[in-house]
Amino acid sequence: MSVQKAGESVSAQGRGEIRNKALLQVAITEAFAFLNSGEPREAIAHLAQYADLAAPSDLASYVFGLIYFNAEDFRNALIWFNRALALRSAYPEALGARAIVLQRLGQPQDALEAFRDVLKLRPDDADTLFSIGVILQSLGRMKEALAAYESALRVRPNHCEALTNRGALLERFGRFEDALACFEAIVALRPADGGALFNKGSILQKLGRHEDALKAYEEAALVGPLDAETELNRGNVLQKLGRLEDALACYDRSSRCRDGYPQALYNKGIALQGLQRPIEALAAYDAALALDPRYCEAICNRGNILHELGRLDEAFSAYAEALKIRPGFPPALTNRANICLQWGRADQALRYCDEALRHDARHPQALGMRGAALQKLGRLEEALSSLDRAVELNPQAPEVWLNRGNVLQEVDRLSDAIASYHEALRVRPNYPEALSSLGVALKETGQIDQALACFNEALRHKPDYPDARNNRAGALLLKGMLKEGFEDFESRWERSNAPPKTIAAPPQWTGEDLTGRSILVWDEQGLGDLIQFARYLPRLVEAGADVTLLCRKNMQRLLSNVSNEVRFIDALDPAAAYDFQCALLSLPRGFATTLETVPAATPYLYPEQDAVAKWAARIGAHGFRIGVCWHGNASINLKRSVPLSCFGALGAIAGVRLISLVKDQRSIEIETPKGPLRIESLGEDFDAGPDSFIDCAGAMTAVDLVITSDTAIAHLAGALGRPVFVALKQAPDWRWLLERSDSPWYPTMQLFRQEQRDQWEPVFSEIAACVALRVGARSGPPDPLAQTGAETPAAAISAAALIAIPGAVGELIDKITILEIKESRVEDPLKLANIRFELDLLRKLKAEADFGGVKLDRLETELKSANEFLWNVEDALRACEMRRQFDDEFISLARLVYKSNDRRAGIKKRINLLFNSAIIEEKSYAHSP
């Protein structure tokens, strides 16, 4: 019985378990039904009634845990998963579910350990490896996460989620090609995966493959519904491709997707800026800010538009508003610095840049703007350091490359500056500002034609760019194209950092008839300019004008004798009225001046006789007296100044005295090959009065020669008609033209040019050789060609045969000037008779052919000067040869021979062209010097 009763009990227990399982099955089914109908609380309440039935079962506990998990009751889900694992520790599904719950509860480290427990049971579970990667990524352990994703993909290469996350991490690590391979693998598996196509497009953007990126975004748009992010990025790529109108359409679609999308509106504003539609861009930024008033980038770009529109105060306030929202925001600080630079507040601009860099030491725009501010402050090496760092961080910033080039040019590193401008043009082809600055650097290296091409190209892309036009003026004038150059020179008033026009009304004179009209001419630029262009004042008087010159009071005494009919003032009378006004350096334009019509007659200024007497007495008559000047305005660094040591070669010439003409009359000693030499001082009272150059003009009449760098002293000597040598840098100021050794502005001036940049010694070696000739000529060296006693009877001359030889007009004038020089130097009566006979024949021929006129007179004077110079050179060469002295002096003299002959040939050719000579002498060389 007892056995029977026991059996009956077991049977009852089995029936109970079956019933309980059935109840659990129904309860679980009903709970899932509640979940599926969106009633999680009901699902949990229903399930709670059966907790005791589920507790003994690992499977039931696991399923109860899943229901609680899906009802988002994570803590109770964790309890049930823990119960399942207590019943069966090697339960991988429960371990995995527990790990996921721990993730949701914000316990990533515990979740990680749980997933690792799963791996002990299933080492090749791709989903678990993926989940481990997700947790490691959330913990910031990116390299370990990447390794986990790669482990998952080794197990299951088509695990798209692992491919997605691996691609994202590789993108973060900058491994764009590897990231692209991940997203392409997903697209191959799921061609309609819009997310993968979007990610592919983003990577292609970063690789600079914009056309491919656009194609990926377009495919993403085709496979899915209209998406704000896809349209936004599609617009960004179109903008990079220069398709700004198409980009605008994408930004509009992106914004419509979200009933207003601030970033899409912001990017739309950028595209509108690129289309030069600033008012519409401003509206787009305003629309973005209406949706997100704290959108700092939009506030800054709004400020940029206001800046572009010239509304600087409003722009400055906009940047201030951005800084209230985000203190230390580098773009706002940098843009404020930019406006401060425009206002001329470089020190304040520097403070804003430094503040921006305290917040972000690697902010390239702040570094670039800091460099610009330091340049304005004259701290060039610091500026260069900031700009170098800026282009290192962002090599695609053309403005920074441009500013860097400008600083390099200012510190005289021209080749580096040129390279920097080319970098700016690489990033932004046809960048007018870079083209103009490149042209300036090329001009400074003597590449005038290349410089002119740069200025022309800049103006082609930006016709209203005054800086390029003003720079082109300098190149045109250097090439002797005065009419075109002076036309462009009018842009000097609109160029960057231009001084304001002194006079804006009445109308500017541009060549109108001046008979009976009044004109106010006003001084501008340097003292040398005032002296040089004062020559035009008498021409205005000759044209019938009533002329008033507004100029510096300290220059009026010097200029007073330029014309008795010119009125001088140093301030405007409000009651005075004039028919015309004209800046002094605009007068050549009004007179349509060309090289052939330069008013070159000198002297047009005259020293005061009291000054002449005073300084003649102080200087004395002994020796060969050379007035010297080696620098001008020290505040202008144009590399025109000459090292004092260069004058040593002059001081070494026997009999030469060097007399300082600079205003600062300190005692100066220089080294010469013959030992120390003192440059003579004229005393502390030299030009110490309120009127400039009065003493200097008087002293110039008491010296035999003036030698100077390119300063106002050169202009004064030329205007006084005094003999003057001017030492010029390789790329001179425009007025000295190119290659010529004479000046069309000053007939008594001889120019000596650097052949290599910064190399003054060869210039002064040539000057010293010329000075030696003059010293020797004054002391009367014997003529080695004079043959005393040679007989050429006059009767024989009259009986000699005459033949007619075809010749060039230039050759005729050349022979006349040479015979005139011989006539003044040869003393032998028989030789003199021959010379005069030939000279009479040639003068008669010139008169019969009617070769004359003002232009020829000027060219004939220039040719005679060249031949006199060559005569002296050849005399000195013969003297060296007689002494068998073949040293550096001999070489310098020999070089002067061919240079002088080149000059002669050029003048003769100009005469030939003037008279349309049938014969044109041409010169050609096997090798250029």
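Coordinates for the structure precede this section.
Summary of the structure given here. (Residues numbered from 1 in each chain as written. Predicted model: local features only at pLDDT ≥ 70, side-chain atom pairs only at ≥ 80, totals over all residues. Heavy atoms only, no water.)

Section: unusual backbone geometry
Here is step 1 of the chain: That bond from Thr 602 to Pro 603 is cis: its omega, 0°, falls within 30 degrees of zero.
Here is step 2 of the chain: Assignment of secondary structure puts Pro 603 in the loop between helix H33 (587-590) and helix H34 (609-619).
Here is step 3 of the chain: The backbone phi angle of Asn 430 is positive, close to 65°, even though this residue is not glycine.
Here is step 4 of the chain: Here Asn 430 lies in the loop between helix H25 (414-427) and helix H26 (432-444).
Here is step 5 of the chain: In this structure, Leu 737 takes a positive phi of about 60° despite not being glycine.
Here is step 6 of the chain: Checked against the element boundaries, Leu 737 lands in the loop between strand E10 (724-728) and strand E11 (749-753).
Here is step 7 of the chain: A relative accessible area of 4% places Leu 737 in the buried class. (Helix = DSSP H or I, 4+ residues; strand = E, 2+ residues; numbered from the N terminus. Buried < 20%, exposed > 50% of the residue type's maximum accessible area, 1.4 Å probe, protein only.)

Side note on the sheet that holds strand E6 (residues 656-660)
Here is step 1 of the chain: Here five strands make up an open sheet; going across it, the order is E6-E5-E9-E10-E11 and the pairing parallel. Across the chains shown, the open sheet's two edge strands, defined by having one partner strand only, are E6 and E11. Within this sheet the neighbouring strands show an average axis-to-axis angle of 25°, counted without direction.
Here is step 2 of the chain: The pairing of strand E5 (residues 624-629) with strand E9 (residues 705-709) spans four bridges and is parallel. Paired with Val 628 across the two strands is Ile 707, which belongs to E9.
Here is step 3 of the chain: In the packing of helix H37 (residues 712-719) onto the sheet, contacts are made with E5, E9, E10 and E11, and the angle to E9 comes to roughly 150°. (Pairing = 2+ DSSP bridges. Axes fitted to C-alpha atoms, helices over the stretch in contact; angles between N-to-C directions. Contact = heavy atoms within 4.5 Å.)

Here we look at the pattern of salt bridges
Here is step 1 of the chain: Scanning all chains against the criterion turns up 63 salt bridges.
Here is step 2 of the chain: Taking the shortest distance from any N to any O, the salt bridge between Arg 311 and Glu 314 comes out at 2.8 Å.
Here is step 3 of the chain: Among the residues examined, Arg 311 registers a relative accessible area of 33% and is labelled partly exposed.
Here is step 4 of the chain: Looking at Glu 314, the relative accessible area reads 37%, which means it is partly exposed.
Here is step 5 of the chain: Residue Arg 379 is joined to Glu 382 by a salt bridge in which the shortest nitrogen-to-oxygen separation is 2.8 Å.
Here is step 6 of the chain: Overall, the relative accessible area of 34% leaves Arg 379 in the partly exposed class.
Here is step 7 of the chain: Salt bridges sharing partners connect three or more residues here, namely Glu 487, Glu 490, Arg 492, Glu 524 and Arg 589. (Salt bridge = Lys/Arg side-chain N within 4 Å of Asp/Glu carboxyl O.)

Quick look at the environment of Glu 608
Here is step 1 of the chain: In this structure, Glu 608 sits in the loop between H33 and H34.
Here is step 2 of the chain: Residues Glu 608 and Cys 880, spaced 272 residues apart in sequence, show a C-alpha to C-alpha distance of 42 Å.
Here is step 3 of the chain: Apart from residues no more than four positions distant in its own chain, Glu 608 is found in contact with Arg 557 and Ile 694.
Here is step 4 of the chain: A polar contact is formed between the side chain of Glu 608 and the side chain of Arg 557, at a distance of 2.7 Å. (Polar contact = N/O pair within 3.5 Å; in protein donor to acceptor, adjacent residues only side chain to side chain.)

Considering the nonpolar core
Here is step 1 of the chain: Formed by 271 residues in total, the largest nonpolar core has its most connected members in Phe 764 and Val 771.
Here is step 2 of the chain: Ranked by the residues each element gives to this core, the list is headed by helix H38 (residues 761-778), at nine residues.
Here is step 3 of the chain: Setting aside residues no more than four positions away along its own chain, Val 771 makes contact with Phe 624, Ile 626, Leu 650, Ile 653, Val 656, Leu 705, Ile 707 and Phe 725. (Core = buried A, V, L, I, M, F, W, Y, C linked by side-chain atoms within 4.5 Å.)

Considering the pairing of strand E1 (residues 518-522)
Here is step 1 of the chain: Of all five residues that make up E1, five are buried, and the element is covered over most of its length.
Here is step 2 of the chain: Residues Ser 518, Leu 520 and Trp 522 point to one face of E1 and Ile 519 and Val 521 to the other, with burial holding for every one of them.
Here is step 3 of the chain: For E1 and strand E2 (residues 546-550), the ladder comprises five bridges, and the chain directions are parallel. Paired with Ile 519 across the strands is Val 547, a residue of E2.

Quick word on helix H13 (residues 210-223)
Counting along an α-helix, one turn takes 3.6 residues, and residues three or four places apart therefore face a common direction.
Here is step 1 of the chain: Under the 1.5 Å per step criterion, the end-to-end length of H13 is 20 Å for 14 residues, consistent within 8% with the ideal 20 Å.
Here is step 2 of the chain: Buried residues belonging to H13 abut helix H12 (194-206) and helix H14 (228-240). (Expected span 1.5 Å × (residues − 1).)

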